[in-house]
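Structural description and commentary
Residue-level listing of the chains:
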Amino acid sequence: GLRFFTVYGEWGRPDMAPMIFADAIQNNKILRIFNYGKSYRDFTYISDVIESVYKVMNKIYLSNSNTHQVFNVGNSKKIELMKFINYLENAFNRKARKEFFPLQQGDMESTFADCTKLEKYINFKPKTNLKDGIRNFSKWYMEYHN
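The model shown is predicted, which means the values in this text are computed figures rather than measured ones.

**Topic: the confidence of the model for the protein**
With 100% of its residues at a pLDDT of at least 70, the protein reaches an overall mean of 94. The secondary structure element of the protein with the lowest average pLDDT is helix 2 (residues 46-63), at 93, and the one with the highest is strand 8 (residues 97-100), at 98.

Following this line, the structure appears as structure tokens:
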């Protein structure tokens, strides 16, 4: 089993925060920010997720193992939501119209993936830093939506 932590990047789900944020910034919509922006997420760029999935599948296939395991797939770094938004604003060269709200019921204040087990299993750590990942994502987003 693979547990993904806040995946962002090209072809992302439109109902997830990175796409919602990009849409709001690009189209001058109000960006609703919960927990007054004091939340943290383990943002993981899509190409690092894909490489992790490929390496896990390949290792399982080659080992011919019938052992079941669960791995966290993430960046192993918690990043403040406002930093993520700030990087998006810089990439789109626009300021977001922000509206702040308290933490939503059922939402987590912070998520963080301990990927030690996965890193040992496939000998891989994510390579894409947040700034580069957001630059790639925003470039794709603007091209796709124009």
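Structure's up, so let's keep going.
**Details of unusual backbone geometry**
For Asn35, which is not glycine, the phi dihedral falls at a positive 55 degrees. Structurally, the position occupied by Asn35 is in the loop between strand 3 (30-33) and strand 4 (40-41). Classification of Asn35 as buried rests on a relative accessible area of 12%. At Tyr36, a position not held by glycine, the phi torsion is positive, near 55 degrees. Following the sequence through the fold, Tyr36 ends up in the loop between strand 3 and strand 4.

**Some points on the nonpolar core**
If you look at soluble globular proteins, the nonpolar side chains tend to sit buried side by side. Judged by nonpolar contacts, the single largest core of 23 residues is most densely connected at Tyr8, Phe84, Leu88, Leu130 and Phe137. Where this core is concerned, the elements lending two or more residues are helix 1 (17-26), strand 3, helix 3 (81-92) and helix 5 (130-144). For this core, the leading source of residues is helix 3, giving 6 residues. For Phe84, the contacting residues outside a window of four places in its chain are Tyr8, Pro18, Phe21, Phe43, Leu130 and Ile134. Counting 9 residues, the second-largest nonpolar core is a separate cluster that includes Val53, Val56, Phe71 and Tyr121.

Conventions and cut-offs
Residues numbered from 1 in each chain as written. Predicted model: local features only at pLDDT ≥ 70, side-chain atom pairs only at ≥ 80, totals over all residues. Heavy atoms only, no water. pLDDT = per-residue confidence, 0-100. Helix = DSSP H or I, 4+ residues; strand = E, 2+ residues; numbered from the N terminus. Buried < 20%, exposed > 50% of the residue type's maximum accessible area, 1.4 Å probe, protein only. Core = buried A, V, L, I, M, F, W, Y, C linked by side-chain atoms within 4.5 Å. Contact = heavy atoms within 4.5 Å.

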